[in-house]
Amino acid sequence: MTTISNSIAQRDVQFQLHSQTNPMRFEEQGPLIVTRGEGVRVYDNTGKAYIEGMAGLWCATLGFSNERLIAAAKAQYDELPYYHTFFQRTGEGATNLSEKLVDLCGMKGGKSYFTTSGSEANETMVKLAWIYHTVHGKPRKRKVIARDRAFHGSTIAAASMCGLNFMHREFGLPFPGFVHTCAPYSYRGMQEGEDEAAYVERLAHELEDLIVREGPETIAAFIAEPVYAGGGIIVPPAGYFQRIQQVLNKYDILCLDDEIVCGFGRTGKWFGKDLVGMQPDMMALAKGLSSSYFPIAAVVLAPKIYDAVSEFNKQGGAFGHGFTNSGHPVGVAVALEAIKIYEELNIPDQVQKIGRRLRNRFEETAARSPVIGEVRGAGLMLGIEIVKDKHTKEPFDADQQVGATFDRIAYRNGLIARCMGDVLGFAPPLILSEDEADELADLFDKSIAELEQTLHP
């Protein structure tokens, strides 16, 4: 380990295991110590400011210093700092938020169920799918189909649903019963001479072939993000979810919607499902639900799913699932206030406006850059794919770690991005102003130019 002058950094290296971090590299380089946030910026322990181009982990939708969210948390701590939702207990906030989420999600007659994290919400949807099919006389329907490149969380079932090798290799995952179909990745997946309609049809046939091979009587659910987040910010081609839905309906397979990143205006719609025409039976919500000012997540479920839970327990049993902090009073207070702010700001329209501005700037840079293959995304959820040859789409060798190199350059320039291999991700706070969008774009432009110099000195 190299000597790190800051004592916090030394102790952090000594005592903390970090998520998604290479241990040896961390021991050599130490942490970035973030000490405070203001608006769309965070500051390190030297006072250096960074535009947080990823809102933390796609999370801080209302920035890093929203006084209303802080006040909502403080007020709730003064009144009731903790309680639970087991054994028929509730608080006024949990009831109000449950109603609000059912209404916002368009899940008329449905219910809300609270968890602490998105991983727990996705795992909950799987368990509810199992109950649903068991009640309907199909207990063998247990398998879940996810997609290549997908990210759905880090718990056992959620990680098994991920279509990313780095989520599996250390743990012997995915577990049996979790299978994967192709990603709707037009930039890499469309064949020569194939238009979007033909590509969608091919993807639908590949899904149906998988279902038939596995046995339709064994498939419980299909899970998808409306727009891929950690898998490379991939927007599906037009008509994709409508055609996929036809296949799912044919074989009585539930549709699970992972809105953990896409929800609450991120894509320029209230929910990603509304952008892509997805018709889910359940939705997992997190991150933007509270702007991550408190760890809270939720599942919103259609009436038929709740009816199955009720039917299963008609002899007097209790729903055998729960988390200590489900419906935490502080979390629901913050979430309710966050939703009020989204509504007051008309956040989907705001995101569409600023997202267009930022994307236009990225595309201007792409037009003159030899290493940008594609700019894609929706709203304030944008991805830039870096390639060795933009005409052939030839990628750089993985061991060159071009995305990680950009990441380091951007840090030096005061910009935090997210490299997903050689896809650069941007999902800044949704309160990003026009001037801040231009500043982010300027820093991106500068960083790309420096990356080009390292690749072609």
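For the structure itself, consult the block above.
Residues numbered from 1 in each chain as written. Predicted model: local features only at pLDDT ≥ 70, side-chain atom pairs only at ≥ 80, totals over all residues. Heavy atoms only, no water.

1. Focus on the sheet that holds strand β1 (residues 34–38)
Two orientations exist for strands paired in a sheet by backbone hydrogen bonds: parallel and antiparallel. One open sheet holds the four strands; their spatial order is β1-β2-β3-β13, and the pairing between them is mixed. The open sheet has two edge strands, β1 and β13 (415–416), and neither has a second partner. Two elements, strand β3 (residues 49–52) and β13, share two bridges in a ladder whose sense is parallel. Note on β13: the bridge partner recorded for Ile51 is Leu415. Those strands touched by helix α16 (residues 434–455) are β2 (41–44), β3 and β13, and its axis lies near 105° from that of β3. (Pairing = 2+ DSSP bridges. Helix = DSSP H or I, 4+ residues; strand = E, 2+ residues; numbered from the N terminus. Contact = heavy atoms within 4.5 Å. Axes fitted to C-alpha atoms, helices over the stretch in contact; angles between N-to-C directions.)

2. Quick look at unusual backbone geometry
In the segment running from Leu173 into Pro174, the intervening peptide bond is cis, with an omega of 5°. Relative to the assigned elements, Pro174 resides in the loop between α7 (156–161) and β6 (178–181). Its identity as a non-glycine residue notwithstanding, Ser291 has a phi of 55°, on the positive side. Relative to the helices and strands, Ser291 is located in the loop between β9 (282–285) and β10 (297–301). Despite not being glycine, Gln401 has its phi angle at roughly 50°, a positive value. Structurally, Gln401 is set in the loop between β12 (381–386) and α15 (402–412).

3. Digging into the pattern of salt bridges
On inspection of all chains with the given rule, the structure shows 28 salt bridges. Residues Glu38 and Arg36 are paired through a salt bridge, measuring 3.4 Å at the closest nitrogen-oxygen approach. Residue class for Glu38 comes out partly exposed when judged on its relative accessible area of 45%. Its relative accessible area of 44% is what places Arg36 among the partly exposed residues. Of the charged contacts, one joins Asp252 and Lys138 as a salt bridge, the two residues approaching to 2.7 Å between their closest N and O atoms. Here the residue Asp252 occupies a position in the loop between α10 (240–250) and β8 (254–258), and Lys138 occupies one in the loop between α6 (118–135) and β5 (143–147), the gap between them amounting to 114 residues. A single salt-bridge network, built from bridges that share partners, covers Lys353, Arg357, Arg361, Glu364, Glu434, Asp438 and Asp442. (Salt bridge = Lys/Arg side-chain N within 4 Å of Asp/Glu carboxyl O. Buried < 20%, exposed > 50% of the residue type's maximum accessible area, 1.4 Å probe, protein only.)

4. As for the packing of aromatic side chains
For the coordinates displayed, the defined rule picks out 12 aromatic pairs. Relative to Phe426, the ring of Phe362 lies with its centre 5.1 Å away and its plane at 45°, an arrangement referred to as tilted. On the criterion of sequence distance, the pair formed by Phe362 in helix α14 (residues 347–368) and Phe426 in strand β15 (residues 423–426) is long-range, its members being 64 residues apart. Since its relative accessible area comes to 0%, Phe426 is described here as buried. Taken together, the ring pairs in this structure connect Phe264, Trp270, Phe271 and Tyr342 into an aromatic cluster. We note Lys111 situated over the ring of Tyr306; from NZ or CZ to the ring centre the distance is 4.4 Å. Sitting over the face of the ring of Tyr187, Lys393 holds its NZ or CZ atom 4.6 Å from the ring centroid. (Phe/Tyr/Trp six-rings, centres within 6.5 Å; stacked < 30°, edge-to-face > 60°. Lys NZ or Arg CZ within 6 Å of the ring centre and 35° of its normal.)

5. Brief notes about the packing of helix α9 (residues 196–214) against α10
Axis separation between α9 and α10 bottoms out at 9 Å; the angle between their running directions is 25°. Here α9 lies roughly parallel to α10, going by the angle between them. Regarding α9 and α10, the two cross each other, and that crossing is right-handed. Contacts between α9 and α10 involve Val200, Glu201, Leu203, Ala204, Leu207, Glu208 and Ile211 from the former and Tyr240, Arg243, Ile244, Val247, Leu248 and Lys250 from the latter. Across the contact of α9 with α10, the residue classes break down as nine nonpolar, no polar and four charged. (Parallel < 35°, antiparallel > 145°, perpendicular 65-115°, else oblique. Left-handed = near helix turned anticlockwise from the far one by under 90°. Nonpolar A, V, L, I, M, F, W, Y, C, P; charged D, E, K, R; others polar.)

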